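Reading the structure
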Amino acid sequence: EEKLLESGGGVVQPGGSLRLSCAASGFKFNGFPMHWVRQAPGKGLEWLSLISGDGSYIHYADSVKGRFTISRDNSQESLHLQMNSLTTEDSALYYCTKEAYGTSSSALWGQGTLVFVSS
Amino acid sequence: DIQVAQSPSSLSASVGDTVTLTCQTSHYVDKFLNWYQQKRGQAPKLLIYAAFNLHAGAPSRFSGSGSGTQFSLTITGLQPEDSATYYCQQSYSAPYTFGQGTKLDIK
């Protein structure tokens, strides 16, 4: 069974940093681009970033460009999101997703890890 | 960036009804438009990818259509478990923006 399990969320002060991780299982991890998507409490979905299967192509949403860094370790079948200079606007549930069908759609989602930025 | 607008923002319908949700993009996205269902307290699930393709495991009462900038999701024969928020997303050009969602209530 294909699964994604996020971790690393928590409470952090404004200006602080967090590193989120996503453990993948049940599929050939290095064969698929991966994405991060977030959802603020009571709000809609916001796409954040994607990384290609070999890590050579990366893209960010403007809202996180320069502050967040996506990476992957194919040997460990894990995806990461390094988040720096956090603000209260970054408080959200963060999902990792697996792309499929070659259409950049997110076919598999984890359950999310919660980030709360507060002083 | 490509903007994505969904309508209506919410609607209420009865079991057995047929409903259509729409999604409009600010720029041409060919067929690269996806639909997701999110139930309360759960992660989103992919329903339709590339405008009209049913994701494995999604019920056949869900169908998608459209191309270019205008798209729709139709649910034929609503079931109580279809109560959810539905999001569309363009995956033609990064950043892969989502619409604001349509909340569907079942009477």
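Everything below is about the structure printed above this text.
Everything in this summary refers to the structure shown in the same document. (Residues numbered from 1 in each chain as written. Chains lettered and ligands numbered in written order. Predicted model: local features only at pLDDT ≥ 70, side-chain atom pairs only at ≥ 80, totals over all residues. Heavy atoms only, no water.)

Our next topic: the side chain of Thr25 of chain B. All names here are of chain B. Relative to the helices and strands, Thr25 resides in strand β3 (residues 18–25). In this structure the side chain of Thr25 is engaged in a polar contact, spanning 2.8 Å, whose partner is the backbone oxygen of His27. Residues in contact with Thr25, not counting those within four places in the same chain, are Ile2, Gln3, Val4, Leu33, Gly68, Thr69, Phe71 and Gln90. (Helix = DSSP H or I, 4+ residues; strand = E, 2+ residues; numbered from the N terminus. Polar contact = N/O pair within 3.5 Å; in protein donor to acceptor, adjacent residues only side chain to side chain. Contact = heavy atoms within 4.5 Å.)

The next thing to look at is the interface of chain A and chain B. Of the residues lining the interface, 23 residues belong to chain A; the matching set on chain B comes to 20 residues. Here chain A is connected to chain B by zero salt bridges. If you look at where chain A meets chain B, you find six residue pairs in polar contact (both at pLDDT 80 or more). Among the elements of the structure, β4 (34–39), β5 (45–51) and β10 (105–109) of chain A are those that each provide at least two residues to the side of chain A that touches chain B. Of the residues contributing to the side of chain A that touches chain B, the split by class is 10 nonpolar, 10 polar and three charged. (Salt bridge = Lys/Arg side-chain N within 4 Å of Asp/Glu carboxyl O. Nonpolar A, V, L, I, M, F, W, Y, C, P; charged D, E, K, R; others polar.)

What follows deals with the sheet that holds strand β1 (residues 3–7) of chain A. All names here are of chain A. Taken in spatial order, the four strands of this open sheet run β1-β3-β8-β7, and their pairing is antiparallel. With one partner strand each, in any of the chains shown, β1 and β7 (68–73) form the two edges of the open sheet. Going from strand to strand, the sheet's axes swing by 15° on average, the running direction of each strand aside. Looking at chain direction, strand β3 (residues 18–25) and strand β8 (residues 78–83) are connected through six bridges and run antiparallel. Across the sheet, residue Ala23 finds its bridge partner in β8, namely Ser78. (Pairing = 2+ DSSP bridges. Axes fitted to C-alpha atoms, helices over the stretch in contact; angles between N-to-C directions.)

The full count for this structure, using the stated rule, is two disulfides over all chains. Paired through a disulfide, Cys22 of chain A and Cys96 of chain A show a sulfur-sulfur distance of 1.9 Å. Taking the sign of the S-S torsion, about 50° here, the bridge from Cys22 of chain A to Cys96 of chain A comes out right-handed. Here the residue Cys22 of chain A occupies a position in strand β3, and Cys96 of chain A occupies one in strand β9 (residues 92–100), the gap between them amounting to 74 residues. Neither residue differs from the other here; Cys22 of chain A and Cys96 of chain A are each classed as buried. The disulfide partner of Cys23 of chain B is Cys88 of chain B, and the gap between their sulfur atoms is 2.1 Å. Judged by the sign of its S-S torsion, about 80°, the bond between Cys23 of chain B and Cys88 of chain B is right-handed. Taken as a pair, Cys23 of chain B in strand β3 and Cys88 of chain B in strand β9 (residues 84–90) lie far apart in primary sequence, 65 residues in all. For the pair Cys23 of chain B and Cys88 of chain B, a shared accessibility class is recorded, and that class is buried. (Disulfide = S-S within 2.5 Å. Buried < 20%, exposed > 50% of the residue type's maximum accessible area, 1.4 Å probe, protein only.)

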